[in-house]
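# Remarks on the overall topology
Here's the letter readout for the chains.
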Amino acid sequence: METTLKLNGQTAIVTGSSSGLGEAIALELASAGANVVVNYHSGDDEAEAVVKRIEERGGRAIAVGADVGEEADVKQMFAKCIAAFGYVDIPVNNSGIQRDKAFHEMSLDEWNQVINTNLTGQFLCAREAVNIFLKQGMRGVSKALGKIICISSVHDVIPWAGHVNYAASKGGVMMLMKSLAQELAPKKIRVNSISPGAIQTPINKEAWGTDEALNKLLELIPYGRIGQPEDVAKQALWLASDESDYVTGATHYIDGGMTLYPGFADNG
Ligand code: NAD
């Protein structure tokens, strides 16, 4: 059956898509017909494996190494995308890291690394994409000139002790996204965030790797299960498609209810 979610003729760049959420998003967008740049920072084998899976399903993808916090790398990544596929339509700013530490012991380097990858990386990728959107113009493949998807976190609203650098970076992503959405809506560029709760990926293995840890985590999730990367990927596909054409500047919490203050469920 023909789906209205088809992204045929469009190109996505998914940062940090050699694993975890990025990998699932890359596969989902490719299965809807998008060409995909599978960006990685380290581990080109994993990125090439994602490319292979996309190609085996009849899609088109290339792996491109780049540090999203480095301006020259980001420019080079977008240039390689244009060289391979001609256009950029759907940048998914997904790369993210944690460098957890008690606040009083956190080094400036641990602060800077997280801000640079999680926040400055989103700025650099979004800016490069917007300049390309404005240059390439409407192409008849989507109602929008471009769709920017920012992968944030429930920690853009839930404070997180011991992770001040991470929570600050994601809070920053929220206002980057909203301010960009306001500025770019008249140009028909849509900008939205996905803020995942606990999703089973390598970044948070200590939170689900043992039964004890998983049970403690589930206390925070009213829906009673940990999320899977596909839960997030499906939302990314919807935001990339014309199905969400009237949606911009919105944060989409994909969290099984984690942001619903579950501690208050039994009268607080
Ligand atoms: P992950 O560790 O599997 O993926 C992170 C990706 O970012 C990796 O592919 C890594 O190579 C890439 N990356 C790291 N530094 C980079 C850099 N400098 N340049 C380019 N790429 C770089 O973890 P994940 O869970 O898939 O995380 C993806 C995103 O989702 C992150 O932004 C994370 O903060 C966010 N997130 C995850 C969860 C969760 O529960 N897993 C929850 C909320 C938000």
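Quick caveat: nothing in here was measured; it's all calculated off a predicted structure. (Residues numbered from 1 in each chain as written. Predicted model: local features only at pLDDT ≥ 70, side-chain atom pairs only at ≥ 80, totals over all residues. Heavy atoms only, no water.)

Right, let's talk about the site of the ligand for a bit. Near the ligand, the surroundings consist of 28 residues, among which Leu21, Asn94, Tyr166, Ile199 and Thr201 are the closest. Take Gly16: an N or O atom from its main chain is 3.0 Å from an oxygen atom of the ligand. In isolation the ligand exposes 820 Å². Once the protein is present, 92% of that is buried. Secondary-structure elements contributing two or more residues to the shell around the ligand are α1 (20–31) and α5 (164–184). (Near = heavy atom within 4 Å. Polar contact = N/O pair within 3.5 Å; in protein donor to acceptor, adjacent residues only side chain to side chain. Areas by Shrake-Rupley, 256 points an atom, 1.4 Å probe, with all protein chains shown as cover. Helix = DSSP H or I, 4+ residues; strand = E, 2+ residues; numbered from the N terminus.)

Tallied over the full model, the rule gives eight salt bridges. Between Lys75 and Glu128 there is a salt bridge; the shortest N-O distance is 3.3 Å. Of this pair, Lys75 sits in helix α3 (residues 71–85) while Glu128 is found in helix α4 (residues 108–136), placing the two residues 53 residues apart along the sequence. For Glu128, a relative accessible area of 13% corresponds to the buried category. Across the pair Asp89 and Arg139 runs a salt bridge whose closest N-O atoms are separated by 2.8 Å. (Salt bridge = Lys/Arg side-chain N within 4 Å of Asp/Glu carboxyl O. Buried < 20%, exposed > 50% of the residue type's maximum accessible area, 1.4 Å probe, protein only.)

Positionally, Lys6 belongs in the segment before β1 (11–14). With 202 residues separating them along the chain, Lys6 and Trp208 place their C-alpha atoms 34 Å apart. Non-local contacts of Lys6, meaning those with residues more than four positions away in its chain, are made with Ser31 and Ala32. (Contact = heavy atoms within 4.5 Å.)

This next bit is on the packing of aromatic side chains. Applying the stated rule across the entire model yields two aromatic pairs. Between Trp160 and Tyr166, the ring centres sit 5.6 Å apart and the planes meet at 70°, which makes this aromatic pair edge-to-face. A residue is classified by how much of its surface remains accessible, and Tyr166, at 9% relative accessible area, is buried. Ring centres of Tyr261 and Phe264 lie 6.4 Å apart, and the angle between their planes is 85°; on these two criteria the pair is classed as edge-to-face. The ring of Tyr87 has Arg139 lying over it, and the distance from NZ or CZ to the ring centre is 3.7 Å. (Phe/Tyr/Trp six-rings, centres within 6.5 Å; stacked < 30°, edge-to-face > 60°. Lys NZ or Arg CZ within 6 Å of the ring centre and 35° of its normal.)

Next up on the list: α4. Compared with an ideal rise of 1.5 Å per residue, which puts 29 residues at 42 Å, α4 spans 40 Å between its outermost C-alpha atoms and is within 8% of the ideal. Where α4 bends most, the angle comes to about 40°, and this point is Asn116. The first or second residue beyond α4 is Gly137, which carries a positive phi of 70°. (Expected span 1.5 Å × (residues − 1). Bend = angle between axes of the 7 residues up to and from the residue.)

Now for the sheet that holds strand β7 (residues 251–254). Taken in spatial order, the seven strands make up an open sheet running β3-β2-β1-β4-β5-β6-β7, and their pairing is parallel. Looking at which strands have only one partner, the edges of the open sheet turn out to be β3 (61–65) and β7. In this sheet, neighbouring strand axes are inclined to one another by 20° on average, regardless of whether the strands run parallel or antiparallel. Two elements, strand β4 (residues 90–93) and strand β5 (residues 146–151), share two bridges in a ladder whose sense is parallel. Counted as the bridge partner of Asn93 is Cys150 from β5. Running over the sheet, α3 touches β1, β2 (35–40) and β3 and is turned about 160° from β3. (Pairing = 2+ DSSP bridges. Axes fitted to C-alpha atoms, helices over the stretch in contact; angles between N-to-C directions.)

Moving on: a negative patch on the surface. On the surface, Asp44, Asp45, Glu46, Glu48 and Glu55 cluster together into a negatively charged patch. Mapped onto the secondary structure, Glu48 falls in helix α2 (residues 44–56). (Patch = residues over 30% accessible without salt bridge, like charges linked within 9 Å, V, L, I, M, F, W, Y side chains within 5 Å. Lys, Arg positive; Asp, Glu negative; His and termini not counted. Charge placed at Lys NZ, Arg CZ, Asp CG, Glu CD.)

The calculated volume of the second largest pocket comes to roughly 170 Å³. Leu27, Ala30, Ser31, Gly33, Ala34, Asn35, Ile54, Arg57, Gly58, Gly59 and Arg60 together form the lining of the second largest pocket. Here the element with the most residues in the lining of the second largest pocket is α1; it accounts for three residues. For the lining of the second largest pocket, a count of residues per class yields four nonpolar, five polar and two charged. (1 Å grid on protein atoms, 1.4 Å probe; cavity = no way out; pocket = protein on both sides within 12 Å on 5 of 7 lines; lining within 4 Å. Points joined across faces, edges and corners; volume = space filled by probe spheres on them. Nonpolar A, V, L, I, M, F, W, Y, C, P; charged D, E, K, R; others polar.)

Attention now moves to the packing of α1 against helix α8 (residues 229–240). At their nearest, the axes of α1 and α8 sit 8 Å apart, and the two run at 50° to each other. The angle between the axes of α1 and α8 places the two elements in the oblique class. With respect to the hand of their crossing, α1 and α8 are arranged in right-handed fashion. Facing Gly20, Leu21, Ala24, Ile25, Glu28 and Leu29 of α1, the residues of α8 in contact are Pro229, Glu230, Val232, Ala233, Lys234, Ala236, Leu237 and Ala240. When grouped by side-chain class, the residues that make up the contact of α1 with α8 number ten nonpolar, one polar and three charged. (Parallel < 35°, antiparallel > 145°, perpendicular 65-115°, else oblique. Left-handed = near helix turned anticlockwise from the far one by under 90°.)

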